[in-house]
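# Overview (structure and organization)
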Amino acid sequence: MDFGRTILDVKNDKGHVRLYRPKHELVVAVSEGFITRDLWPPQQPVYEQILAEVPRLSLYRDAWNVRSVEGEYREASQGFVKQHRERFGEILFLQRSAVIALAINAAALFTRAPLSAVDQRTFEAKLSQALGRKAA
């Protein structure tokens with residue numbers, strides 16, 4: 001699926017995160033590999049800027065190719081979401097790992113944010129709807 005221009009591309013030798021903003025109130029994040037603590041700090045100011053521009057943001061995170069998430073990254077990003085939870089309309093994760101999906105869904109309880117981890121079919125259908133397209 002084409003998400004348009006990349007607004008942030010951050011990577012290291014272990015992992016890679018790309019952010020797209022196909023609509024004003026929608027960000028798509030595509031992550032791969034081992035998500036380490038140093039991949040979060042470049043993302044935070046981008047999210048802060050977007051949250052300053054929109055009343056509510058929907059975030060779709062394609063984490064299908066994520067192998068693991070370092071604890072420091074998870075804590076920082078969850079803390080950010082918790083701090084701004086009323087500004088997020090939906091945070092949807094495409095997740096292959098049942099263990100990581102369980103952790104994401106548990107984080108929803110911790111942060112009281114609209115987080116959920118879903119399968120590929122559900123993710124694609126919801127993303128297509130958010131983009132104003134018919135699902136394939």
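Residues numbered from 1 in each chain as written. Predicted model: local features only at pLDDT ≥ 70, side-chain atom pairs only at ≥ 80, totals over all residues. Heavy atoms only, no water.

Bringing the packing of aromatic side chains into the picture now. Per the stated rule, a full pass over the model turns up six aromatic pairs. Summarising the aromatic geometry, the rings of tyrosine 60 and phenylalanine 123 are spaced 5.9 Å apart at their centres and angled 65 degrees between planes, so their arrangement reads as edge-to-face. Taken together, the residues span a long stretch of sequence, with tyrosine 60 in strand 4 (residues 57-69) and phenylalanine 123 in helix 4 (residues 120-130) at a distance of 63 residues. Residue class for phenylalanine 123 comes out buried when judged on its relative accessible area of 3%. Pairwise contacts between aromatic rings join Trp40, Tyr47, Tyr73 and Phe80 into one cluster. (Phe/Tyr/Trp six-rings, centres within 6.5 Å; stacked < 30°, edge-to-face > 60°. Helix = DSSP H or I, 4+ residues; strand = E, 2+ residues; numbered from the N terminus. Buried < 20%, exposed > 50% of the residue type's maximum accessible area, 1.4 Å probe, protein only.)

Attention shifts here to helix 2 (residues 71-83). Over its 13 residues, helix 2 runs 18 Å from end to end, which matches the ideal 18 Å to within 8%, given 1.5 Å per residue. Those residues of helix 2 lying buried are Gly71, Tyr73, Ser77, Gln78, Phe80 and Val81. Looking at the buried positions of helix 2, the neighbouring elements they touch are strand 3 (26-35), helix 1 (43-53), strand 4, strand 5 (88-94) and helix 3 (98-111). (Expected span 1.5 Å × (residues − 1). Contact = heavy atoms within 4.5 Å.)

With that out of the way, let us pick up the pattern of salt bridges. Counted under the stated rule, the structure contains six salt bridges. For glutamate 32, the salt bridge goes to arginine 18, with nearest N and O atoms at 3.4 Å. Separated by 14 residues along the polypeptide, glutamate 32 in strand 3 and arginine 18 in strand 2 (residues 15-23) bring together distant segments of the chain. Here glutamate 25 and lysine 23 are joined by a salt bridge, their closest N and O atoms 3.9 Å apart. (Salt bridge = Lys/Arg side-chain N within 4 Å of Asp/Glu carboxyl O.)

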